Amino acid sequence: MEQPIEENIQKVLKLIEEAKARRSPAFTHEVELVAVSKKQPISSIVRTYECGIRDFGENYVAELHDKAVDEEIVHNCPEIRWHFIGHLQSNKVSKLLACPNLFRIHTIDSVKTADFVQKHFAKMPNKPPSLSIMIQVNTSGEPTKSGVTPDDALELVEHVINKCPDLKLDGLMTLGAPDHDVTKGPNPDFVTLQKLKDTIDARFEEKVNLSMGTSGDFEHAIELGSNCVRVGEKIFGPRKY
């Protein structure tokens with residue numbers, strides 16, 4: 001059964017606006033919607049683009065690259081912005097940076113990875129002035145998740161600012177612990193990331209954004225200050241593995 005993508009997008013956008021209305025008056029920023037198109041067909045991406053969505057997230061370098069160079073995408077989605085939201089291995093950096101319309105990497109989680117991206121990006125011909133990146137923070141401490149610890153995040157932030165001149169630090173990203181019961185209070189992962197943002201904003205000149213919230217918890221993330229939410233199945237329906 002084909003998913004009603006157009007209807008799904010309108011529902012998600014409505015939920016985003018409602019969540020913005022519930023948040024603290026201190027939060028006045030817009031919220032960026034990244035449509036997570038992992039394991040979704042090209043046709044669904046084009047339909048989503050035609051509905052006005054420009055930002056798309058992918059978890060695997062090879063899949064992102066294949067989609068970014070696909071003739072249908074290149075022809076029909078000239079203003080698409082690709083976001084890499086999966087774990088980035090050093091040996092995949094060159095291929096990732098070669099993707100047309102790569103807009104942001106959300107998952108820089110170590111000095112080593114930051115240096116690899118800086119080194120390869122600096123060598124690229126006809127490159128843009130800078131590359132937008134986010135630092136992934138493992139706020140829940142789950143061993144299966146990537147990300148720098150909150151305690152080590154400041155050191156990585158400082159390294160990117162001082163040692164990676166071609167990388168533009170745009171913010172922090174986290175994956176909240178699954179199935180958090182909001183009736184018992186705010187998601188501690190989102191609270192931790194917000195506090196870390198406050199510390200960074202006070203210590204450095206950069207004012208960072210927050211990428212937190214997925215299909216199951218993006219409304220709550222917006223209420224707690226998220227600037228960017230990553231929504232997949234609520235737009236596209238189940239993934240096609």
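Residues numbered from 1 in each chain as written. Predicted model: local features only at pLDDT ≥ 70, side-chain atom pairs only at ≥ 80, totals over all residues. Heavy atoms only, no water.

The name recorded for the chain in an unreviewed UniProt entry is Pyridoxal phosphate homeostasis protein, from Argiope bruennichi. A UniProt comment under Function (unreviewed entry) is attached to the chain, and it reads "Pyridoxal 5'-phosphate (PLP)-binding protein, which may be involved in intracellular homeostatic regulation of pyridoxal 5'-phosphate (PLP), the active form of vitamin B6." (UniProt positions renumbered as here; feature names shortened; annotations may be inferred.)

K.L.:
Talk me through a negative patch on the surface; I want residue IDs and the actual numbers.
P.N.:
A surface patch of like charges, here negative, comprises Asp151, Asp152, Glu155 and Glu158. Here Glu158 shows up in helix H7 (residues 150–163). (Patch = residues over 30% accessible without salt bridge, like charges linked within 9 Å, V, L, I, M, F, W, Y side chains within 5 Å. Areas by Shrake-Rupley, 256 points an atom, 1.4 Å probe, with all protein chains shown as cover. Salt bridge = Lys/Arg side-chain N within 4 Å of Asp/Glu carboxyl O. Lys, Arg positive; Asp, Glu negative; His and termini not counted. Charge placed at Lys NZ, Arg CZ, Asp CG, Glu CD. Helix = DSSP H or I, 4+ residues; strand = E, 2+ residues; numbered from the N terminus.)

K.L.:
I'd like to hear about the UniProt feature "domain: Alanine racemase N-terminal" (unreviewed entry) in the chain, residue by residue, with values.
P.N.:
Sites flagged by UniProt as "domain: Alanine racemase N-terminal" (unreviewed entry) map to residues 29–238. With 39% helix and 19% strand, the stretch residues 29–238 has end C-alpha atoms that lie 30 Å from each other.

K.L.:
Hey, could you go over the UniProt feature "modified residue: N6-(pyridoxal phosphate)lysine" (unreviewed entry) in the chain for me, with residue numbers and the actual values?
P.N.:
Sites flagged by UniProt as "modified residue: N6-(pyridoxal phosphate)lysine" (unreviewed entry) map to Lys38. Assignment of secondary structure puts Lys38 in the loop between strand S1 (32–36) and helix H2 (42–50). On the basis of relative accessibility, which here comes to 13%, the residue Lys38 falls in the buried class. (Buried < 20%, exposed > 50% of the residue type's maximum accessible area, 1.4 Å probe, protein only.)

K.L.:
Could you give an account of the nonpolar core, naming the residues involved and the relevant values?
P.N.:
Formed by 63 residues in total, the largest nonpolar core has its most connected members in Ile105, Ile135 and Leu172. Non-local contacts of Leu172, meaning those with residues more than four positions away in its chain, are made with Met134, Ile135, Val137, Val157, Leu193, Leu196, Lys197, Ile200, Val208, Asn209, Leu210 and Ser211. (Core = buried A, V, L, I, M, F, W, Y, C linked by side-chain atoms within 4.5 Å. Contact = heavy atoms within 4.5 Å.)

K.L.:
Which residues make up unusual backbone geometry, and what values do they have?
P.N.:
In this structure, Asn101 is a non-glycine residue whose phi angle is positive, near 65°. Looking at where Asn101 falls in the secondary structure, it is placed in the loop between helix H5 (93–97) and strand S4 (102–108). The class of Asn101 is partly exposed, set by a relative accessible area of 39%.

K.L.:
Can you tell me about helix H3 (residues 61–68), naming the residues and giving the values?
P.N.:
Since the α-helix advances by 3.6 residues per turn, residues separated by three or four positions end up pointing in the same direction. The buried count for H3 comes to six of eight residues, which makes it a mostly enclosed element. Within H3, burial applies to Val61, Glu63, Leu64, His65, Lys67 and Ala68. Against the buried residues of H3 lie H2, strand S2 (55–58), helix H4 (71–76), strand S3 (81–84) and H5.

K.L.:
Residues and numbers for the pairing of S1, please.
P.N.:
Among the five residues that make up S1, four are buried, leaving the element largely enclosed by the rest of the structure. Bridge count between S1 and strand S8 (residues 228–231): four bridges; the pairing is parallel. Of the residues in S8, the one forming a bridge with Glu32 is Cys228. As judged from the two bridges shared by S1 and S2, these two strands associate in the parallel manner. (Pairing = 2+ DSSP bridges.)

K.L.:
How would you explain helix H8 (residues 188–203) if you had to name every residue and give the values?
P.N.:
Under the 1.5 Å per step criterion, the end-to-end length of H8 is 23 Å for 16 residues, consistent within 8% with the ideal 22 Å. Within H8, burial applies to Asp189, Phe190, Leu193, Gln194, Leu196, Lys197, Ile200 and Asp201. The arc that holds the buried residues of H8, viewed along the axis, is 160°, so those residues lie on one side. In H8, the exposed positions that point more than 90 degrees away from the buried face belong to Lys195, Ala202 and Arg203. Those residues of H8 hidden inside the fold are in contact with H7, strand S6 (167–173), strand S7 (209–211) and helix H9 (218–223). The backbone nitrogen of Asp189 lies 2.9 Å from a side-chain oxygen of the residue at the head of H8, namely Asn187. (Expected span 1.5 Å × (residues − 1). Arc of directions from axis to C-beta. Polar contact = N/O pair within 3.5 Å; in protein donor to acceptor, adjacent residues only side chain to side chain.)

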